[in-house]
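Listed below, chain by chain, are the residues.
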Amino acid sequence: MSHPSEAAEASPRPTRPLPAGLRKRFLPIGIAGAVVLAGVGVHAAFATPSADALIAEVYGGGGNSGATYTNDFVELANAGAAAVDLSTYSVQYLPGAPTATSKWQATPLTGSLAGGGRFLVQEGAGAGGTTALPTPDASGAVNMSGTTGTVALVTGADPLTCLTAADCAADPRVKDLVGYGTALVREGSGPAAGAGNSASVARGATLADTDDNAADFTAGPPTPQNSGDGGPTQPPTTPPTTPATTPPTTPPTTPPPTGTEAKIHDIQGDTRNSPFAGKAITGATGIVTGVRNYGSSKGFWMQDPNPDANPRTSEGIFVYTGSSPTVAAGDSVSVAGTVSQFYPGGAAGGAQPITEITKPTVTTVSAGNPLPAPVVLNDKTVPDAFVPSAGGGSIEDLPLRPTDYALDLYASLEGMNVQISDTRVVGATDPYSELWVTVKPKQNPTKRGGTLYTGYDQPNSGRLMVQSLLPSATSPFPTANVGDTLAGTTEGPLDYNQFAGTYALQARTLGTVTSGGLQPEVTAKASADQATVGTYNVQNLAPDNPQSKFDALAQGLVHNLRSPDIVALEEIQDNTGATDDGTVVADQTLTKLTDAIVAAGGPRYQWREIDPVNDKDGGQPGGNIRSVFLFNPLRVGFTDIPGGDSTTPVGITGTGDSTSLTASPGRILPADQAWNTSRKPLVGQFTFRGKKLFVIANHFDSKGGDQGIDSHLQPPVRSSEVQRVRQAILEHDFVQQLETADKKADVVVLGDLNDYQFSPAVQSLTGDGSVLTDLVNTLPVKERYSYVYEGNSQVLDHILVSPNLDDRVDYDVVHINSEFANQTSDHDPQVIRLRP
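The paragraphs below set out a description of the structure included in this document. The numbering scheme is per chain: residues are counted from 1 as the chain's sequence reads. Under the rules for a predicted model, residues below a pLDDT of 70 receive no local features and side-chain atom pairs below 80 are neither given nor counted, while totals for whole chains, interfaces and linings still include all residues. Side-chain numbers here rest on the full set of heavy atoms in the structure, without hydrogens or water.

This part covers helix H6 (residues 587-599). A rise of 1.5 Å per residue sets the reference length of H6, with its 13 residues, at 18 Å; its end C-alpha atoms lie 18 Å apart and thus fit the reference within 8%. Only heavy atoms matter for contacts: two residues are in contact if any of them lie within 4.5 Å across the pair. Secondary structure counts use DSSP, requiring at least four H or I residues in a row for a helix and at least two E residues in a row for a strand, with both numbered from the N terminus. Among the structural elements, strand E27 (531-541), helix H5 (547-560), strand E28 (566-572), strand E29 (606-608) and strand E30 (626-631) are those in contact with the buried residues of H6. Looking one or two residues past H6, Gly601 carries a phi angle of roughly 100°, positive in sign. Helices are assigned an expected span. That span is 1.5 Å times one less than the residue count.

Turning our attention to the pairing of strand E35 (residues 682-688). Exposed residues in this analysis have more than 50% of their type's maximum accessible area, buried residues have under 20%, and partly exposed residues fall in between, with area computed by a 1.4 Å probe over protein chains only. Among the seven residues that make up E35, six are buried, leaving the element largely enclosed by the rest of the structure. At least two DSSP bridges between two strands are needed for those strands to be called paired. Bridge count for strand E31 (residues 637-638) against E35 is two bridges, and the pairing is antiparallel. Each bridged residue has a counterpart across the sheet, and for Gly637 the counterpart in E35 is Thr687. In this sheet, E35 lies alongside strand E34 (residues 666-667) in antiparallel orientation, the contact comprising two bridges. Residue pairing across strands places Gly666 opposite Val683, the latter belonging to E35. Bridge count for E35 against strand E36 (residues 691-699) is seven bridges, and the pairing is antiparallel. The residue of E36 that forms the bridge with Val683 is Ile696. Linking two consecutive strands that pair antiparallel, namely E35 and E36, is a turn of two residues; a positive phi of about 55° is found at Arg689 within it.

Now for the sheet that holds strand E9 (residues 149-155). Taking strand neighbours across the sheet as the criterion, the four strands line up as E5-E4-E9-E10 in an open arrangement whose pairing is antiparallel. Lying at the two open borders of the sheet, with one neighbouring strand each, are strand E5 (105-108) and strand E10 (174-180). When the angles between neighbouring strand axes are averaged without regard to direction, this sheet yields 20°. Here the axes come from fitting lines to C-alpha atoms, over the contacting stretch only for helices, and the angles between their N-to-C directions go from 0 to 180 degrees.

Judged by pairing direction, the sheet is mixed, and its six strands sit side by side in the order E8-E7-E2-E1-E11-E12 without closing on themselves. Two strands close off the open sheet at either side, each with one partner strand: strand E8 (138-139) and strand E12 (217-220). As judged from the six bridges shared by strand E2 (residues 71-78) and strand E7 (residues 118-125), these two strands associate in the antiparallel manner. Considered in E7, the bridge of Ala77 is made with Arg118.

And the structure:
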């Protein structure tokens, strides 16, 4: 799968309608980054101390003999000034001396970790102890050891699979890790010492993080703090003293809020950073333009109806209440609180900062006021250019240039009332009640109504996410496909969403969908003397998936692809799917799929594949995804050559017509670091009408960890690209060796390469076209896509052929998924018709 769809493989508080934790995490598209081969396979999870969220204290003795507190706990702290959304994180625990069967236990988190603040995660209780913890910010039921264990702060809620310090250091999901006692998994020279039933291990007041647990943590009495604590708390040792005097019968008055009086445009400033960040303000006034009353990001937007004359300063702002707001659109309010720079997913992920008012005191002055007139976003008002460059640095403190760059325009309108009208849908409605439109209909249009992503320098400035503030029970979110029109007026405050690749209109008024009539495609028939070869990413297919998914995949293969003679499938899971029980065989998955194909009127396919080493090929933990060949034995033959397994590299023997693989099926250099936690290419030798055909099925490393095209670092870093480039070079060399042995060798390389036709990885694989021809480049420009992400139609799946096949092959991307709200997979399949 791609991007995060490999989320199984992958805020400020989540702004999505579903509760936090239900969303697959979609990872951003990176648009720049140097290729450094020396860094392949090396992750720096422990090499860079955390600048924001980290583990501050660990206590596993709760409820044990001699303990005061009844529960274990993990306390987080924020070393930075900006709040961190924790809804994309979990706290996980591993025993101190893990065995091959040891499992990480995860506690998903919700809510936000304020700048300089604390966050308390309560874990399992024991039979002893006398004192409950302070009110926890999150709770789990993990029973931690009081004397030895490992705790990690992890991106996502999927349990880690690493069982050694080195493997955990190589897992980019690990944000921080603490081993205590005699833990084998730890950072630095050794684990934190001194933990026990009456002692925790904690960082000092400076939150020093040298990535050496032994140096950074010291033992002492546990001092749990939650997000509401003003300082460390000690366990009570004596009961409170009864007051000597009777308390007054009249409660004291609440002191007025203190802070600097500031207007919204003063708070927002003329850059992405607020000059009031971290400071208390009072007297911020405005009209409420929208209320968000769902998820963990409850609050409201307000806008000053009396703007200043500076187009760089926004007149709108989000007020984070954390609970259901008591205001309504049209209320005139005065707000005091603390200004926060909030980074969805954390600053390190590259997201744009959002200026918010937190811990607010809200005074309603009047109701029923007219809303400020919306700013109209259209082809004329939104610049063609997307974002300025900072030479790899941050654009946060650059003065906004809203007439020059779309991302600057959106930042200058952050929180303000905006409007779009009659916009074309370029990203279908997803399961989270979101869709993407373009306000620039002439910007890189595809043949079928989308917006084409043509290069790192063309991120398409007209894309905009649309979400709804309307109650779903009475105003269900519209279902739209690419090419439909969101007709009429859609209006509401402009928010930033980390998944959008740009900003999101929070609709207070939502247009209606007019169908563009888009239909799934059916490929052309092949002639009898043409072999057909297809590729299809079937998105974590497992036996426990609904039968309807198997039936839909079968219909796509039989009807839309016309039953290719050979099919390379990506993301076939083992027989127990995401259950991480050591199972690696996938015969039940494949039997269920091939039976569905027969039921749909297709051939009785046979299959060839190689079971991976358990939990070594990435993807959804426990799923053991792999690539598989299906083939129709009535049309093609498969040459079985023994010797191929999960760890043995395939080679090439012979020359000319005698050229052959040393194993079929086989894997290309499976032990090379290029394939760490990634699928290994599957090579097979086929025959069609007496002619050999060498086919290589691929699923390259995912884009997880790349910064988004909207990153505050410009150009963004595409860190995942390094590993894919090494994978591409290894496969390029294998294909080149095959073509050297037989200059007439017919070679087909296909699958989900998780990268674009213009990327360094794909260019390395093709040898700039000298070793392989990337057939997507033979299509008309407006048809070059197989995947739609953040409103960008782009290429991730490829079929490449040896140059001698260039004039003997017909190629087709069959659009049946990516443009539709009703998807069987998030990828479109592809097929070629060739005469060997």
